[in-house]
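Coordinates in review
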Amino acid sequence: MSISVTSSNWSRDSNGIVTVNVSFYASSSYIYTQIRTGGKSYTSARNPNGSSVSATNTSTRTSWGAGSVTISADSYIQVAQATAMQYDATASQTVSWTAAQFTVSFNANGGTTPSSESKTVTYGSTYGTLPTTTRTGYTFAGWYTDATSGDLRTADDTVNVTADTTLYAHWTPNTYTVTFNANGGTTPTATKDVTYASTYGTLPTPTRTGYAFLGWFTDPDNGTQITAGTVVSITAAQTLYAHWEPMSILRVSDGNGTMRTLTNIKVVTTGGAVRNIIGCYAVDKNGNVRQGI
């Protein structure tokens, strides 16, 4: 009784499915053949005496990495329902896999075009050098598997994807220090930190004797006014300057011989500037002094 391998071959498709074909010749009847891959046996086939038989099986690799396994053909011979005796076939074949490669695309997610918009990576190897990108007012926080959450991927991480994929840039808004220059007055808060693309939030209220506070501006004399609701667009530390208006002081009689002093008032007239404040005046609920007739 003898067994020999007449042919053997293998193939692998794009999904990693391996198909092995082995043909045997046996000189005895009731021959059962098996294909064994990587130490695992698969479905057997049967042939009559003196003819060859082919057995085919498929196996899915659990890893896309490079490697090799030996495909060996074993025969099981059964005579008159007696206990089977195993005979090893005379041939074997080593099958080698090349690690799969995939394309990784890079989405800047609001930043500048990456230094490289895509790269080819190899399963089981590291990602290697990853591209750079920038975004005004933000610090780059890394490449992630999702636009808003996901897992961080670094140059040293091992590639375990099994299809082309996209990595997304994540960003952290920068914080900057704002210094408050009272510009002749006194401020209760000297500095505060603000975050890019957020609002300035509560701003301090300075004081200056004889002056009314007009607001915080980007220049000591002119500039743009900054309020609590202004969105931060600076990309460096900033100084804001208090602007002031001199208070108007007016002494008026209440008609009973008592003089009242009004400060920070606004004189409203019906015709031209007031050169000399004389006559009868009325003070409205807002503290504005209106000239009488």
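Everything quoted here is computed from the prediction, not taken from an experiment. (Residues numbered from 1 in each chain as written. Predicted model: local features only at pLDDT ≥ 70, side-chain atom pairs only at ≥ 80, totals over all residues. Heavy atoms only, no water.)

What to know about the overall build of the chain
Per the secondary structure count, the chain includes zero helices and 23 strands. Residue pairs at least 24 apart in sequence account for 53% of intrachain contacts in the chain once pairs closer than 6 positions are excluded. When the accessible area of the chain is evaluated, it comes to approximately 17,100 Å², of which 46% is carbon and sulfur surface. (Helix = DSSP H or I, 4+ residues; strand = E, 2+ residues; numbered from the N terminus. Contact = heavy atoms within 4.5 Å. Areas by Shrake-Rupley, 256 points an atom, 1.4 Å probe, with all protein chains shown as cover.)

Side note on the sheet that holds strand 17 (residues 225-226)
As summarised here, the arrangement of the five strands in space is 15-14-18-16-17, forming an open sheet in which the pairing is mixed. Looking at strand neighbours, the two that pair on one side only are strand 15 (191-195) and strand 17, the edges of this open sheet. Relative to strand 18 (residues 238-246), strand 14 (residues 175-181) runs parallel, the two being bridged by four bridges. Along strand 18, the bridge assignment pairs Asn181 with Tyr241. (Pairing = 2+ DSSP bridges.)

Focus on the packing of aromatic side chains
Counted under the stated rule, the structure contains seven aromatic pairs. Among the aromatic residues, ring-to-ring pairing joins Phe106, Phe140, Trp143 and Trp171 into one connected group. Note that Arg135 overlies the ring of Tyr138, its terminal NZ or CZ placed 4.0 Å from the centroid. (Phe/Tyr/Trp six-rings, centres within 6.5 Å; stacked < 30°, edge-to-face > 60°. Lys NZ or Arg CZ within 6 Å of the ring centre and 35° of its normal.)

Quick look at the pairing of strand 18
One ladder, built from six bridges, connects strand 16 (residues 211-217) with strand 18; its direction is antiparallel. Considered in strand 18, the bridge of Phe217 is made with Tyr241.

A short note on the nonpolar core
Ranked by size, the top nonpolar core spans 29 residues in total, and within it Tyr127, Val178, Tyr200, Ile234 and Leu240 carry the most contacts. Looking at this core, the elements that each hand over two or more residues are strand 9 (101-107), strand 11 (138-144), strand 13 (165-173), strand 14 and strand 18. Ignoring anything within four residues of it in the chain, the contact list for Val178 reads Ala190, Thr191, Lys192, Val194, Tyr200, Ile234, Gln238 and Leu240. (Core = buried A, V, L, I, M, F, W, Y, C linked by side-chain atoms within 4.5 Å. Buried < 20%, exposed > 50% of the residue type's maximum accessible area, 1.4 Å probe, protein only.)

What about the side chain of Arg153?
Mapped onto the secondary structure, Arg153 falls in strand 12 (residues 152-153). As a buried residue without a salt bridge, Arg153 has its nearest oppositely charged side chain in Asp151, at a separation of 4.4 Å. The contacts of Arg153, once residues within four sequence positions are left out, are Tyr127, Leu130, Trp143, Thr145 and Leu167. (Lys, Arg positive; Asp, Glu negative; His and termini not counted. Salt bridge = Lys/Arg side-chain N within 4 Å of Asp/Glu carboxyl O.)

Things to note about the confidence of the model for the chain
Averaged over every residue, the pLDDT of the chain is 73; residues scoring 70 or more account for 51%. Below a pLDDT of 50 lies the segment residues 28-33, which in the model reaches 33 contacts outside its immediate sequence neighbourhood of four places, other chains included. Here residues 37-63 scores under 50 on pLDDT; set against residues more than four positions off or in separate chains, the count is 83 contacts. (pLDDT = per-residue confidence, 0-100.)

Overview of the sheet that holds strand 9
Overall, mixed pairing links the five strands, which are arranged 10-9-13-11-12 in an open sheet. Single-partner strands in this sheet number two, and they are strand 10 (118-122) and strand 12. Where strand 11 and strand 13 come together, six bridges link them in antiparallel fashion. What sits directly across from Gly142, in strand 13, is His170.

Here we look at the environment of Ala228
Here Ala228 is to be found in the loop between strand 17 and strand 18. Sequence-wise, Ala228 and Thr199 are 29 residues apart; in three dimensions their C-alpha atoms are separated by 6.5 Å. Once residues within four sequence positions are removed from consideration, Ala228 is found in contact with Thr199, Tyr200, Gly201, Thr202 and Leu203.

Concerning unusual backbone geometry
Although it is not a glycine, Asn109 sits at a positive phi angle of roughly 55 degrees. Relative to the assigned elements, Asn109 resides in the loop between strand 9 and strand 10. The exposure class of Asn109 is partly exposed, given its relative accessible area of 27%. Look at Asn183: it is not a glycine, yet its phi comes out positive at around 55 degrees. On the secondary structure map, Asn183 appears in the loop between strand 14 and strand 15.

Comments concerning the side chain of His243
Mapped onto the fold, His243 is located in strand 18. Those residues in contact with His243, other than ones at most four positions away along the chain, are Asn183, Ala212, Phe213, Leu214, Gly215, Phe217, Asp219, Pro220, Asp221 and Asn222.

Describing the environment of Ala197
When you line up the elements, Ala197 lands in the loop between strand 15 and strand 16. In this structure, the C-alpha to C-alpha distance between Ala197 and Asn174, residues 23 residues apart in sequence, is 9.0 Å. Contacts of Ala197, omitting those with residues within four sequence positions, involve Tyr138, Val231 and Val232.

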